[in-house]
Amino acid sequence: MCGRFTLRTPQNVLIEQFQLATGPPLSPRYNVAPTQSIAAVRRTTDEPQRQLVLLRWGLIPSWAKDPSIGNRMINARGESVADKPAFRAAFKRRRCLVLADGYYEWQKTGKKKQPYLFHMQDDRPFAFAGLWESWTGGKSDDEPAEPLETCTIITTNASDFTRSIHDRMPVILDGADFDLWLDPDMQDREKIEPLLQPYESPELTADPVSTHVNSPKNDDPKCVELQRELF
């Protein structure tokens, strides 16, 4: 699964790398956790240019009655995402990029769990394959509700490199595939599903980091500090 990640990259670098118009201001994040707002890129039929938006992490299907379902929808398995009722509509028309420059996984050894930060060797940002939805459930004709926009991160089997720490990993998309993934008019499963593969690039590395990251209340540079006692 993918339950925590980082986005520390300056916004001007994100705008240039992902070819974005200016969007909502972003602050450095060292421990992004479920139900929080996260930075994503999307295209819509009304807005063909790439948009930088903030989405709540934890997808709420449009048909849901209770928004708390989103707390269990932070990840979607790539193997079944096109068929699951909670995700299949978004998979067809509402795909997005979730921006990150690292993600955490915990390796269990006995009763202990050691957090690791996976990141590119040059610390450049990358994008997870994501889906987004707009939820307006619970509104009445008398009191129209503002749409709540939410998202999920798609996961797949671990790569050869990451498997020793965790058996799943987020889908990291190649930049050459961004346009295909973001195209709201592309609904051909045979072209989209092959993108949901483990990221096998040797540029991905992992560092043991402080258990400070274990608490979602902590969101500061100490989260990414190396765990020195392992060396």
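Scroll up a little and you will see the structure.
Throughout what follows, the structure given in this document is the object of discussion. (Residues numbered from 1 in each chain as written. Predicted model: local features only at pLDDT ≥ 70, side-chain atom pairs only at ≥ 80, totals over all residues. Heavy atoms only, no water.)

Focus on the packing of aromatic side chains
In this structure the tally under the stated criterion is nine aromatic pairs. On the basis of an interplanar angle of 70° and a centroid distance of 6.1 Å, the ring pair of Phe91 and Trp181 is categorised as edge-to-face. Placement of the pair is Phe91 in helix H2 (residues 88-93) and Trp181 in helix H3 (residues 178-182), with a sequence separation of 90 residues. Given a relative accessible area of 2%, Phe91 falls into the buried group. Of the residues examined, Trp181 reaches a relative accessible area of 0% and is grouped as buried. Three or more aromatic residues joined by ring pairs make a cluster, and in this case those are Phe5, Trp57, Tyr103, Phe118, Phe126, Phe128 and Phe161. (Phe/Tyr/Trp six-rings, centres within 6.5 Å; stacked < 30°, edge-to-face > 60°. Helix = DSSP H or I, 4+ residues; strand = E, 2+ residues; numbered from the N terminus. Buried < 20%, exposed > 50% of the residue type's maximum accessible area, 1.4 Å probe, protein only.)

Here's the deal with the layout of surface pockets
Empty space within the largest pocket amounts to approximately 220 Å³. Leu7, Leu26, Ser27, Arg29 and Ala39 are the residues nearest the centre of the largest pocket, which is lined by 18 residues in total. Elements with a minimum of two residues in the lining of the largest pocket: strand S1 (5-7), helix H1 (11-17), strand S2 (29-32) and strand S3 (37-42). Residue composition of the lining of the largest pocket, by class: 12 nonpolar, four polar and two charged. (1 Å grid on protein atoms, 1.4 Å probe; cavity = no way out; pocket = protein on both sides within 12 Å on 5 of 7 lines; lining within 4 Å. Points joined across faces, edges and corners; volume = space filled by probe spheres on them. Nonpolar A, V, L, I, M, F, W, Y, C, P; charged D, E, K, R; others polar.)

What to know about the pairing of strand S10 (residues 148-157)
In terms of residue burial, S10 counts as a mostly covered element, since seven of its 10 residues are buried. When strand S5 (residues 75-77) meets S10, the two strands line up parallel, connected through three bridges. Following the sheet pairing, Asn75 is matched in S10 by Ile153. For strand S9 (residues 126-135) and S10, the ladder comprises six bridges, and the chain directions are antiparallel. Of the residues in S10, the one forming a bridge with Trp132 is Cys151. Across three bridges, S10 lies against strand S11 (residues 168-170) in antiparallel orientation. From the neighbouring strand, Thr156 faces S11, where its bridge partner is Met169. (Pairing = 2+ DSSP bridges.)

Here we look at the nonpolar core
Core analysis: the biggest nonpolar cluster contains 35 residues, and Leu97, Leu131, Ile154 and Trp181 have the highest contact counts within it. Mapped by element, the contributors of at least two residues to this core are S3, H2, strand S6 (95-100), S9 and H3. Ranked by residue count, the leading element in this core is S9, at four residues. Those residues in contact with Trp181, other than ones at most four positions away along the chain, are Phe91, Arg95, Cys96, Leu97, Ala129, Gly130, Leu131, Ile154, Leu173, Ile192, Leu195 and Leu196. (Core = buried A, V, L, I, M, F, W, Y, C linked by side-chain atoms within 4.5 Å. Contact = heavy atoms within 4.5 Å.)

Considerations on the pattern of salt bridges
Oppositely charged side chains can form a pair if their charged atoms are brought close together. Going through the model one piece at a time under the given rule, you end up with 11 salt bridges. In this structure, Arg163 and Asp160 form a salt bridge, with 3.0 Å as the shortest nitrogen-oxygen distance. Owing to a relative accessible area of 46%, Arg163 belongs among the partly exposed residues under this scheme. Judged by relative accessible area, Asp160 falls into the exposed class, the value being 58%. Between Arg189 and Glu193 there is a salt bridge; the shortest N-O distance is 3.1 Å. The partly exposed category is assigned to Arg189, whose relative accessible area is 35%. Glu193 sits in the partly exposed class, given a relative accessible area of 25%. It is possible to trace a salt-bridge network through shared partners that takes in Asp83, Arg189 and Glu193. (Salt bridge = Lys/Arg side-chain N within 4 Å of Asp/Glu carboxyl O.)

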